[in-house]
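# What the coordinates show
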Amino acid sequence: MGNSLKAILAFVPSNKCQKYLLEDLEEMPVDKMVDLSGRQMRRLPVHICSFRELVKLYLSDNNLNNLPPELEQLQNLQILALDFNNFKALPLVVCTLKQLCILYLGNNKLCSLPLELRLLQNLKTLWIESNCLQYLPEVVCELSLLKTLHAGSNALRSLPPQLQSLQELRTIWLSGNLLAEFPPVLLDMPFLEVIDVDRNSIRFFPSLAHLPGLKLVIYDHNPCRNAPKVAKGVRRVGRWSEETPEPRKRSGAVIEITLDEKPLLPPAAKTEPE
């Protein structure tokens with residue numbers, strides 16, 4: 001089906017047209033995954049919410065700005081991709097999906113996150129890059145199992161001190177923000193393995209040599225006067241380091257790797273649990 005025809009049908013609410021958009025997806029797939037990325041959808045067909053055993057739902061690259069309340073029926077959902085849509089606010093129904101462990105919200109128009117996000121206590125990976133966030137919502141600091149946080153390409157100027165409570169956090173991507181100084185809270189997070197503050201406005205880097213878990217720090221494209229000191233064996237990518245940055249890409253591709261595989265650069269594709 002051509003994209004232009006899909007775009008037209010996306011406006012038509014009839015069940016027949018919506019099923020046509022789903023391309024005869026009448027029953028839940030055996031692999032318990034539905035990928036409706038790039039379908040020009042303006043609303044999620046409610047029929048999908050009847051697949052109560054669904055584990056993975058990809059809705060990337062559509063024109064969604066809301067979700068039906070029936071989504072709450074998907075209580076087995078572990079992965080939800082809502083990136084590259086038109087969400088100005090996170091639909092509260094998402095916060096009812098308590099088995100979620102990976103949530104993609106990048107490339108939307110979010111200026112905040114609801115307090116109800118704290119209900120997602122199984123969340124391990126949160127992507128909120130390329131939104132309109134001027135501050136990191138403190139509710140993120142209540143996601144106690146969070147391992148990976150991608151908050152790049154926003155307008156962040158600082159990080160809340162409560163972030164220190166995320167003792168499972170291993171990777172934090174903050175590239176392309178408005179940080180004028182290295183976030184002090186990160187100095188008190190010895191469990192961090194990857195810190196990316198590329199493309200900010202940081203003029204001076206404190207020593208990071210005391211962080212025993214650190215494996216990689218990316219600090220390139222900052223107006224800094226020094227390179228951060230790190231412990232032996234820690235890789236640095238930036239000015240005055242001997243490392244050469246590898247190309248980094250962001251795509252909508254979906255691959256299967258485990259959550260325990262920690263890439264040393266921002267992932268080129270979405271990561272999934274086993």
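Up top you'll find the structure we're talking about.
The following refers to the structure shown. (Residues numbered from 1 in each chain as written. Predicted model: local features only at pLDDT ≥ 70, side-chain atom pairs only at ≥ 80, totals over all residues. Heavy atoms only, no water.)

## Some points on the overall build of the protein chain
The condition that has to hold: By definition, any uninterrupted DSSP run of H or I lasting at least four residues is a helix, any uninterrupted run of E lasting at least two residues is a strand, and each is numbered from the N terminus. A 1.4 Å probe rolled over the protein chains alone gives each residue an accessible area, and that area as a share of the maximum for its type sets the label: buried under 20%, exposed over 50%, partly exposed in between. We call two residues contacting when some pair of their heavy atoms lies within 4.5 Å. With residues, only the protein chains shown are counted as cover, and all accessible areas are computed by Shrake-Rupley using a 1.4 Å probe.
For the protein chain, the count of helices and strands is two helices and ten strands. Secondary structure of the protein chain in N-to-C order comes out as α-α-β-β-β-β-β-β-β-β-β-β. Counting the 274 residues in the protein chain, one finds 49% classified as buried. Residue pairs at least 24 apart in sequence account for 27% of intrachain contacts in the protein chain once pairs closer than 6 positions are excluded. Of the roughly 12,900 Å² of accessible surface on the protein chain, 51% is carried by carbon and sulfur atoms.

## Some points on the packing of aromatic side chains
Heads up, the rule is: Only Phe, Tyr and Trp rings are paired, with Trp represented by its six-membered ring, and only when their centres lie within 6.5 Å; those with planes under 30 degrees apart are stacked, over 60 edge-to-face, the remainder tilted.
Throughout the structure, instances matching the rule amount to three aromatic pairs. Seen from their ring centres, Tyr 104 and Trp 127 are 5.5 Å apart, and the 65° between their planes marks the pair as edge-to-face. Highlighted residues: Tyr 104 in strand S4 (residues 102-104) and Trp 127 in strand S5 (residues 125-127), separated in sequence by 23 residues. Across the pair, Trp 127 and Tyr 104 agree in class, each one buried. Here the aromatic rings of Phe 205 and Tyr 219 are separated by 5.4 Å at their centres, their planes lie at 70°, and the arrangement is edge-to-face.

## Some points on the pattern of salt bridges
Our working definition: The term salt bridge refers to a pairing of a side-chain nitrogen on Lys or Arg with a carboxyl oxygen on Asp or Glu at a separation within 4 Å.
Tallied over the entire structure, the rule returns three salt bridges. Its salt-bridge partner being Asp 198, residue Arg 199 comes within 3.8 Å of it at the nearest N-O pair. When its relative accessible area of 47% is taken as the criterion, Arg 199 is described as partly exposed. With a relative accessible area of 2%, Asp 198 lands in the buried category.

## Thoughts on the sheet that holds strand S7 (residues 171-173)
The strands that make up a sheet are held in pairs by hydrogen bonds between backbone atoms, and each pair lies either parallel or antiparallel. Here is the rule we go by: Strand pairing follows a simple DSSP-based rule, namely that at least 2 bridges must link the two strands. For helices, the fitted axis covers only the stretch in contact; all axes are lines through C-alpha atoms, and the angles between them, taken along N-to-C directions, range from 0 to 180 degrees.
Judged by pairing direction, the sheet is parallel, and its ten strands sit side by side in the order S1-S2-S3-S4-S5-S6-S7-S8-S9-S10 without closing on themselves. If you trace the sheet from one side to the other, it starts and ends with strand S1 (33-35) and strand S10 (235-237), each paired once. The mean inter-strand angle of the sheet, taken between neighbouring strand axes irrespective of direction, is 5°. Summarising the sheet, S5 and strand S6 (residues 148-150) pair through three bridges and their orientation is parallel. Each residue of the ladder has a partner; that of Trp 127, found in S6, is His 150.

## Side note on the environment of Gly 38
Along the chain, Gly 38 falls in the loop between S1 and strand S2 (56-58). Along the sequence, Gly 38 and Ser 60 sit 22 residues apart, while their C-alpha atoms lie 6.4 Å from each other.

## Some words on unusual backbone geometry
Unusually for a residue other than glycine, Gln 40 sits at a positive phi of about 65°. Turning to its location among the elements, Gln 40 is positioned in the loop between S1 and S2. By relative accessible area, Gln 40 is classed as partly exposed at 25%. Of note, the phi angle at Asn 107 is positive, near 55°, even though the residue is not glycine. Here Asn 107 is to be found in the loop between S4 and S5. Classification of Asn 107 as partly exposed rests on a relative accessible area of 23%.

## Digging into the environment of Val 55
Within the secondary structure layout, Val 55 lies in the loop between S1 and S2. C-alpha of Val 55 to C-alpha of Leu 80: the two residues are 25 residues apart in sequence and 8.7 Å apart in space. If sequence neighbours within four positions are ignored, Val 55 has contacts with Lys 32, Asn 76, Leu 77, Gln 78 and Ile 79.

## Let's talk about the environment of Asn 85
To keep things clear, this is the line we draw: Throughout this description, a polar contact denotes any pair of N or O atoms lying within 3.5 Å of each other; where both atoms belong to protein, one of them has to be capable of donating a hydrogen while the other can accept it, and for residues adjacent in sequence the pair is counted only when both atoms sit in side chains.
Mapped onto the elements of the fold, Asn 85 is located in the loop between strand S3 (79-81) and S4. When its relative accessible area of 4% is taken as the criterion, Asn 85 is described as buried. For the pair formed by Asn 85 and Arg 42, sequence separation is 43 residues and the distance between their alpha carbons is 9.2 Å. Aside from chain neighbours lying at most four places away, what touches Asn 85 is Leu 59, Ser 60, Asp 61, Asn 62, Asn 63, Leu 64, Asn 107 and Asn 108. A polar contact is formed between the side chain of Asn 85 and the backbone nitrogen of Asn 63, at a distance of 3.4 Å.

## Some words on the side chain of Asn 177
Assignment of secondary structure puts Asn 177 in the loop between S7 and strand S8 (194-196). By relative accessible area, Asn 177 is classed as buried at 4%. For Asn 177, the side chain forms a polar contact with the main-chain nitrogen of Asn 154, separated by 3.2 Å. At 3.0 Å, the side chain of Asn 177 forms a polar contact with the backbone nitrogen of Leu 156. Non-local contacts of Asn 177, meaning those with residues more than four positions away in its chain, are made with Ala 151, Gly 152, Ser 153, Asn 154, Ala 155, Leu 156, Arg 199 and Asn 200.

Taken by themselves, the reported measurements are silent on function.
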